[in-house]
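Fold and geometry: a report
This is what each chain is made of:
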Amino acid sequence: MNRNIKGTAFVYLFLFVLTVTGCAHVPKESVQLSEELTGMINSAHASHLALLDQYMAERRQKVDQFMNEKWIPRFMGEFISKSNIVKLVEDEKDAAGKGKIIYEFMEDASKEIFKTRTSLTNSLDEIDRILRKAIQDHYAEMLVINQSMTAHLRSAAKVTSTRDELLQKLRIDPKVILPMDKINRSVEKLMKYQGKVEELPNIIKEVENAV
């Protein structure tokens with residue numbers, strides 16, 4: 001997540017705490033407020049991770065669909081043409097010899113298909129790790145901010161009204177935590193990837209830079 005955004009959020013929240021600081025000390029209400037906010041932050045955290053799980057599951061399904069419906073058929077067509085297997089099988093008179101040629105061809109083709117599928121899957125796993133860490137870091141910071149507010153909160157205001165004001169400052173926008181428009185543009189490249197598997201880290205880097 002962008003450090004400027006996190007820093008700005010912290011400043012706003014800290015300034016807000018200063019504005020509501022008063023002479024009265026209400027430790028019971030402060031503890032109650034902290035517990036409520038902590039529970040809400042943890043709930044939002046769990047929901048956000050669930051959305052990420054759903055998002056990544058859909059992308060993995062799309063990668064499988066892309067491999068089965070587009071990449072593999074296109075690859076096999078090019079592989080057959082380059083290997084000249086049709087002519088090799090036609091020229092081979094022995095049935096066992098034909099079988100051996102076809103077997104070796106399929107074995108070589110399977111290795112390339114497995115290599116590409118594994119590379120795409122591993123790339124999605126790495127993107128999942130990057131996005132999950134961004135979410136974890138964000139909510140961990142939210143909890144730290146909440147603890148800081150509770151430690152400094154000195155106000156005679158009612159818990160309910162204070163809570164509502166704090167929640168406005170603590171409004172959690174998933175679009176801010178993870179800029180999905182940028183992330184989607186990068187992840188969607190995997191859905192139609194035709195480049196070298198060695199260049200896949202470039203897509204992962206795009207996602208990492210986005211968060």
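To be clear, the structure that these remarks concern was listed above.
Now for a look at the structure at hand. (Residues numbered from 1 in each chain as written. Predicted model: local features only at pLDDT ≥ 70, side-chain atom pairs only at ≥ 80, totals over all residues. Heavy atoms only, no water.)

So, the pattern of salt bridges
Opposite charge on two side chains allows them to pair when their charged atoms are near. This structure, assessed with the given rule, holds 14 salt bridges. The residue Lys-133 makes a salt bridge to Asp-137 at a minimum N-O spacing of 2.8 Å. Linking Lys-133 with Asp-137, this pair stays in helix H4 (residues 95-152), spanning 4 residues, or about one helical turn. Take Asp-137: its relative accessible area is 36%, and that puts it in the partly exposed class. (Salt bridge = Lys/Arg side-chain N within 4 Å of Asp/Glu carboxyl O. Helix = DSSP H or I, 4+ residues; strand = E, 2+ residues; numbered from the N terminus. Buried < 20%, exposed > 50% of the residue type's maximum accessible area, 1.4 Å probe, protein only.)

Describing the packing of aromatic side chains
In this description, an aromatic ring pair is defined by two values, namely the gap between the centres and the angle between the planes. Applying the stated rule across the entire model yields 3 aromatic pairs. Plain terms: the ring middles of Phe-75 and Phe-79 are 5.1 Å apart, the flat faces sit at 20° to each other, and that makes the pair stacked. With Phe-75 and Phe-79 both in helix H2 (residues 27-83) and 4 residues apart, the pair spans about one turn of that helix. Exposure remark for Phe-75: the relative accessible area of 14% places this residue in the buried category. (Phe/Tyr/Trp six-rings, centres within 6.5 Å; stacked < 30°, edge-to-face > 60°.)

Things to note about the nonpolar core
The nonpolar side chains of a soluble globular protein tend to be buried with one another. Grouped together as the largest cluster of nonpolar side chains are 38 residues, with contacts concentrated most on Met-67, Leu-120, Ile-127, Leu-131, Val-187 and Leu-190. Listing elements by their share of this core, those giving two or more residues are H2, helix H3 (85-91), H4, helix H7 (180-187) and helix H8 (201-210). Tallying contributions element by element places H4 first for this core, with 13 residues. Dropping the residues within four chain positions of it, Leu-120 is found in contact with Val-63, Phe-66, Met-67, Leu-190, Tyr-193 and Leu-200. (Core = buried A, V, L, I, M, F, W, Y, C linked by side-chain atoms within 4.5 Å. Contact = heavy atoms within 4.5 Å.)

Describing a negative patch on the surface
Where like charges cluster on the molecular surface, the negative patch consists of Glu-104, Glu-107, Asp-108 and Glu-112. Note that Glu-107 resides in helix H4. (Patch = residues over 30% accessible without salt bridge, like charges linked within 9 Å, V, L, I, M, F, W, Y side chains within 5 Å. Areas by Shrake-Rupley, 256 points an atom, 1.4 Å probe, with all protein chains shown as cover. Lys, Arg positive; Asp, Glu negative; His and termini not counted. Charge placed at Lys NZ, Arg CZ, Asp CG, Glu CD.)

Quick look at H8
Every buried residue of H8 is accounted for by Ile-203, Ile-204 and Val-207. With its buried residues spanning 100° around the axis, H8 presents them on a single face. Opposite the buried face of H8, at more than 90 degrees from it, the exposed residues are Asn-202 and Asn-209. (Arc of directions from axis to C-beta.)

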